Amino acid sequence: MNWIPQIFRRRKLYNELSEEIRLHIEERTEQLVREGMSATEAEQTARRAFGNRTLLEERSREVWQWPTLESIGADVRFALRQFRRSPGFAFAAIVTLALAIGANAVVFAVLNGFFLRPLNVPQGQSLYAIQRGNDPYIVQSYPDYLDLRDRNRSFDGLAAYTISQAGIVTGNDPSHAWLYQVSGNYFDALGIHPYMGRLIHASDEHGPNSAPYIVLSYAYWHSHFHDDRGVVGRSVLLNKHPFTVLGVSPPEFRGTLLIFSPDFFVPMVNSEQIDGESFLNARGTRWVFEVLGHLKPGVTQAQATADLDSVGSYLEKTYPRDDTQSTFSLVRPGLHGDFVAPAVRAFLAGLMVLAGLILLAACANLGSLFAARAADRGREVALRLALGSTRTRILRQLLTEALLISLAGGAAGLVASVMLLRRLSAWQAFPQFPMNIPVRPDATVYLFALLLALVSGLLFGIVPVRQVFKSNPYEIVKAGSSARIGRKLTVRDLLLVLQVAICGVLVTSSMVAVRGLARSLHTNFGFEPQDTLLVNTNLAMAGYPPDKMPAMQKRMMNAMQTIPGVTSVGLVDIPPLHMGWNPSYVFSNRATDMRPPNAEGQAIEYRISPEYLQAAKTVLLAGRNFSWHDDANAPRVAVVNREFARKFFANRSQAVGANFKITDGTLLQVVGIVEDGKYTANLAEDPQPAMFLPLGQFPSGETYLVIRSGRDPQQLVAAVRSTLRDLDPGLPAFIQTWNEEMNGALFASRMATASLGVLGVMGAMLSITGIFGMAAFSVGKRLRELGIRIALGAQRKEVLYAALGRAFKLLAIGSAAGLALGLLATRVLAYIVYQATPRDPLVLAGAVVTMALLGVVATWIPAQRALSVNPLVLLRED
Amino acid sequence: MADTNSRDLFPGALEMMILESLRRQPAHGYALVQHIQQRSNNLLQVEEGSLYPALQRLLKAKLVKAEWGLSSTNRRVRTYQITASGLRRLEQQISSFERMFQGISLVLDPGEARTS
């Protein structure tokens, strides 16, 4: 390890070397003078005989260095000096890259969080959820879960959970909370250890309602119990049932569903106390949200699937009524199987491609900037070549500059994206749910950003390489930097076309998305969300038995009706376009075998009060509405939508009065037909059959009061709250306007539009700077020629054409390509953004106008400069 | 840096000649150049400066050592002296050079190669 003193000795070494060389030349000079030369001649001859002193000294010094490392250091210092000389260039380049790399890092982090990174549990890689056949719904019934758990040989314990809500009383005020009902082995199968106290174990379960225990999530403990360590062993009321707090789960464990994290966990065996009814023994009722577990070491997916299928064939044989077609497949947990994943994945992949294009555009931009700079520095490069520098050395210098810029840009972009991602992962997009957006950046994201920075640095750094290798120092020093205006297409031109095309794609697709979103906001939902409050209550949470619910619900409606300004009040179990909905099987009126394969089809089921249709402004097309006389003692009736009538009754006019059956065998008579609407949380859905059943005959503990008023619904909130408190102070309620509630349904299209909009704006900015750079460069290079043209009497138009014709031609080619590609790309968009269609004259016109505007803005200053050329001044210069 | 020896006859030749010269007697840079040129009857046109990177390499490898002093003509000079390990290296190099030279002449003179 003698290199440490060496570094300190170096200066002395170098000084000695210089001195020695100086003495050498001096001695030679003296010798030559003695031989009869003149002093000047002798000195020149001595120098010539010695060779390139600087180069030789440098080589001698290199002997003592880590040559590459230190000359890179010198390159870096030189590059920094260059940047200090043109801070505007450096700043523009760094900002451009920061934006582009930042955008990529954000999109990648989201992609990483949702798809690449396994769930945050120990050995998350081997965790799989079980999906039934090819059915995208991965729900199971509890008895089936028990059979799967006990009969499979492939999993290290199969756990189950389902999402519920409950009213929780910890002090005086009741509050509403979201929870996981979990199987007893849930934490042990996942390998989760408690933060405090203990977690639920399989040994806690001894049949229905035997385990009144609750495990708090860290976040809920922190926000609702203020980190109180004495909470373990305390009793809390869940839906008025006492539960004992066992412990707190660790902070990094936020449930097994991405996006949605629970406030706390309760054993599934106590589901009756949470949901108000128990399906623990109902094999045909699939309500267990997800069944998942770690594969045993060495077991492949195929083996596990085969194993599960053998359990499935046992189920089919033993329970032919409930378990038909019991084949299974494995899916990644976290995004509820194949149900949501493909759409999200397609969208994120699309976004990633667009972000990649942005970065490519930025690289093209910087590449042409660097090429222009290299041309401007032709003289410097030529001098260095003439002084004996090697071309590799000069290239390394140029690449060092490029990499410095790209690393600085990458770092800035990463910092910005980390800040954005932190905000995003703490974002509660829906106030009614605890959200867990798993996008905190990790090492993968940092590595990705670094890689992007390096790759893009090399990409745009490599652009001027050919230029440097071709340059002839002798010519350049003699004639000044080459101002040849080639007619042939250069790399720089191609880069510009590419960049404009990319911008065109982004502008087109963001316009399509914005138009689609705007249109979907003015679509006919089958109800009118304006001026309406939704009040979500769950009587089960307040301990009401099912038979007392209708009376209480009627009292709530009547009380709301008395609030001044309220025009109508209705009740619905789950409003349309809510995040959740209830699909039910529909059978013909003669059906006796109520198994799913025998169903005529599915319809979305709503349970409503007679006043709902009026409060929601859903139009009754034929027949009659319900009344409160349609109660438990009257024949069962239903109101269906137009699509239901079309699909299940051949002759639509005969639908009123017709009969059909539902899964439990109840015969229903259609008494009315209403307009079609939007029901599932996806505005892009096809018309769906829907049926409305009277709450009087089909009670539901959880309901939404639909309160329509003549004034701003926000002003009613306080009155609604106090009215509810007067009725039952122990009833938690969640109040928001229907428009707010619908944000959930519009979330995907909003996010898509926002992200596309941001990318579109970035693309536009990039191409403005790109075109500007190119136009300014070509005008600057040709000022003298333009001056001559003007002196010879060229008109303004001709001057402009000469100066910018090429830029405009490239712009036109690029825009056309971009528009065409953009229109193709929007087909993908149509899956996510409702009514996103590229066949829209407004979008086309808008995109064309935008691109033209971009061109004008970007070339404005260079055009002015070209026109204001004063031939006299220019020609007088050198 | 890769072409450090490009002006030499072959890699290491200049170092070898320097070591050989220094084995005969210690010398400073200028004297070394003179010596090499004279000894080769000016057949080898060594660029004077290229001596210095080679000397630095030898210094670093501790094959020679240097000392400031006065020359016979009373000039301030830095005189180089071969070290023990320098001598050992020189012997190795000479013998391997001779082997190589022998090989080359065998190839270049096929008549002799056939008889041997």
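Model, not experiment: these values are computed from the prediction.

Re the overall build of chain B
Across its full length, chain B carries five helices and three strands. For chain B, the α and β elements follow one another from N to C terminus as α-β-α-α-β-β-α-α. When contacts within chain B are restricted to residue pairs at least 6 apart in sequence, those whose partners lie at least 24 apart make up 45%. Per element, the accessible surface of chain B, about 7,000 Å² overall, is 53% carbon and sulfur.

What to know about the nonpolar core
Grouped together as the largest cluster of nonpolar side chains are 84 residues, with contacts concentrated most on A:Y186 and A:F187. Per-element accounting of this core gives the leading share, 16 residues, to helix α5 (residues 87-116) of chain A. Contact partners of A:F187, with chain neighbours within four places excluded, come to A:I192, A:L199, A:I200, A:V215, A:F253 and A:F265. Counting residues in hydrophobic clusters, the runner-up holds 32 residues, among them A:L13, A:L56, B:M16 and B:A54.

Things to note about the interface of chain A and chain B
Counting residues at the interface gives 25 residues for chain A and 25 residues for chain B. Across the interface of chain A and chain B, roughly 2,500 Å² is buried in total on both sides, 52% from carbon and sulfur atoms. Three residues stand out in chain A for area buried against chain B, namely A:E20, A:E27 and A:R59, and they jointly supply 25% of the buried area on that side. Scanning the region where chain A abuts chain B turns up seven salt bridges.

Focus: helix α23 (residues 783-791) of chain A
Residues and elements named next belong to chain A. Three or more residues of α23 are buried, namely L783, L786 and G787. Angularly, the buried residues of α23 cover 105° about the axis, an arc narrow enough to put them on a single face. Positive backbone phi, at 100°, marks G793, one or two positions downstream of α23.

Comments concerning the packing of helix α1 (residues 13-24) of chain B against helix α4 (residues 84-108) of chain B
All names here are of chain B. At a minimum axis distance of 10 Å, the contact between α1 and α4 shows a crossing angle of 125°. As judged from the angle between their axes, α1 and α4 are oblique. In this structure, α1 crosses over α4, and the sense of that crossing is left-handed. Residue-level inspection shows M16, L19, E20 and R23 of α1 in contact with α4, the latter providing G86, L87, R89, L90, Q93, I94 and F97. A breakdown of the residues in the contact of α1 with α4 according to their chemical character gives six nonpolar, two polar and three charged.

With respect to the packing of aromatic side chains
Between two aromatic rings, the relevant description is the distance of the centres plus the angle of the planes. Residues and elements named next belong to chain A. Under the definition given, this model contains 29 aromatic pairs over all chains. With a centroid separation of 5.0 Å and an interplanar angle of 55°, the aromatic rings of F644 and F660 are classed as tilted. With F644 in helix α20 (residues 642-648) and F660 in strand β19 (residues 659-662), this residue pair connects regions lying 16 residues apart in the sequence. Residues F644 and F660 agree in their burial class; the two are buried. Ring pairs connect the aromatic residues Y161, Y180, Y186, F187, F253, F265 and F289, which therefore count as one cluster. When the ring centre of Y213 is taken as reference, the NZ or CZ atom of R198 above it lies at 5.9 Å. Taking NZ or CZ as reference, R283 lies 3.4 Å from the ring centre of Y319, over its face.

Side note on the sheet that holds strand β3 (residues 76-82) of chain B
Residue and element names in this part refer to chain B. Judged by pairing direction, the sheet is antiparallel, and its three strands sit side by side in the order β1-β3-β2 without closing on themselves. Whereas interior strands pair on both sides, the edge strands pair on one side only; in this sheet they are β1 (27-28) and β2 (64-70). Its contacts with the sheet put α1 on β1, β2 and β3, and the angle it makes with β3 is roughly 95°.

Looking at the pattern of salt bridges
Applying the stated criterion to the full structure yields 32 salt bridges over all chains. Salt-bridge contacts for A:E16 lead to B:R78; the nearest nitrogen and oxygen are separated by 2.8 Å. Within this pair, whereas A:E16 is found in helix α1 (residues 3-34), its partner B:R78 is found in strand β3, the two belonging to separate chains. The same class applies to A:E16 as to B:R78, namely buried. In this structure, A:R132 engages A:D144 in a salt bridge whose closest nitrogen and oxygen atoms are separated by 2.7 Å. One end of the pair, A:R132, is in strand β1 (residues 127-132); the other, A:D144, is in helix α6 (residues 142-151), and twelve residues separate them in sequence.

Topic: the pairing of β2(B)
All names here are of chain B. Pairing analysis gives seven bridges linking β2 to β3, with the strands arranged antiparallel. When the sheet's bridge partners are listed, K65 is paired in β3 with Q81. Joining the antiparallel neighbours β2 and β3 is a turn of five residues, in which N74 adopts a positive phi near 65°.

Considerations on the side chain of A:S815
Residue and element names in this part refer to chain A. Note that S815 resides in helix α24 (residues 796-829). A relative accessible area of 10% means that S815 is categorised as buried. In contact with S815, other than residues within four places in its own chain, are V500 and M851.

Here's the deal with the environment of A:L459
Inspection of the secondary structure puts A:L459 in helix α14 (residues 443-461). Excluding anything up to four places from it in sequence, A:L459 contacts A:L360 and A:C363.

Considering the packing of α6(A) against helix α10 (residues 301-318) of chain A
All names here are of chain A. In contact at an axis separation of 10 Å, α6 and α10 are set at 130° when each is read in the N-to-C sense. By the angle between their directions, the pair α6 and α10 is classed as oblique. The handedness of the crossing between α6 and α10 is right-handed. Across the interface between the two elements, D144, D147, L148 and R151 of α6 pack against L308, V311, Y314 and L315 of α10.

A closer look at a nonpolar patch on the surface
Residues and elements named next belong to chain A. A contiguous nonpolar patch, built from F91, V95, L99, V761 and M765 and spanning about 460 Å² of accessible area, is present on the exposed surface. With three residues, α5 is the largest single contributor of residues to the nonpolar patch. If you trace the backbone, F91 turns up in helix α5. Since its relative accessible area comes to 60%, F91 is described here as exposed.

Things to note about the confidence of the model for chain B
Residues and elements named next belong to chain B. On average, chain B scores 79 in pLDDT, and the residues at 70 or more come to 83%. Below pLDDT 50 for its whole length, residues 1-8 participates in 13 contacts with residues either more than four positions away or in separate chains. Scored as a complex, the prediction yields pTM 0.69 and ipTM 0.81.

Some details on the confidence of the model for chain A
The pLDDT averaged across chain A works out to 83; a share of 91% of its residues lies at or above 70. Low pLDDT, under 50, characterises residues 481-487 of chain A; the stretch is placed with nine contacts to residues that sit more than four places away or in other chains.

Concerning the environment of A:Y801
Within the secondary structure, A:Y801 sits in helix α24. Between the C-alpha atoms of A:Y801 and A:A863, which are 62 residues apart in sequence, the distance is 9.7 Å.

Details of the environment of A:D275
Residues and elements named next belong to chain A. Checked against the element boundaries, D275 lands in helix α9 (residues 271-275). Overall, the relative accessible area of 30% leaves D275 in the partly exposed class. Separated by 427 residues in sequence, D275 and E702 place their C-alpha atoms 9.6 Å apart. In this structure the side chain of D275 is engaged in a polar contact, spanning 3.1 Å, whose partner is the side chain of Q181.

Re the pairing of β1(A)
All names here are of chain A. Taken across its six residues, β1 has six buried, putting it largely inside the fold. Of the two faces of β1, the one holding L127, A129 and Q131 and the one holding Y128, I130 and R132 are both buried throughout. Bridge count for β1 against strand β10 (residues 290-295) is three bridges, and the pairing is antiparallel. Looking across to β10, one finds that L127 is bridged to H294. Bridge count between β1 and strand β11 (residues 328-331): four bridges; the pairing is antiparallel. Bridge pairing in β11 places Q131 opposite S329.

Thresholds applied
Residues numbered from 1 in each chain as written. Chains lettered and ligands numbered in written order. Predicted model: local features only at pLDDT ≥ 70, side-chain atom pairs only at ≥ 80, totals over all residues. Heavy atoms only, no water. Helix = DSSP H or I, 4+ residues; strand = E, 2+ residues; numbered from the N terminus. Contact = heavy atoms within 4.5 Å. Areas by Shrake-Rupley, 256 points an atom, 1.4 Å probe, with all protein chains shown as cover. Core = buried A, V, L, I, M, F, W, Y, C linked by side-chain atoms within 4.5 Å. Buried < 20%, exposed > 50% of the residue type's maximum accessible area, 1.4 Å probe, protein only. Buried area = accessible area lost by both parts, 1.4 Å probe. Salt bridge = Lys/Arg side-chain N within 4 Å of Asp/Glu carboxyl O. Arc of directions from axis to C-beta. Axes fitted to C-alpha atoms, helices over the stretch in contact; angles between N-to-C directions. Parallel < 35°, antiparallel > 145°, perpendicular 65-115°, else oblique. Left-handed = near helix turned anticlockwise from the far one by under 90°. Nonpolar A, V, L, I, M, F, W, Y, C, P; charged D, E, K, R; others polar. Phe/Tyr/Trp six-rings, centres within 6.5 Å; stacked < 30°, edge-to-face > 60°. Lys NZ or Arg CZ within 6 Å of the ring centre and 35° of its normal. Pairing = 2+ DSSP bridges. Patch = residues over 30% accessible without salt bridge, like charges linked within 9 Å, V, L, I, M, F, W, Y side chains within 5 Å. pLDDT = per-residue confidence, 0-100. Polar contact = N/O pair within 3.5 Å; in protein donor to acceptor, adjacent residues only side chain to side chain.

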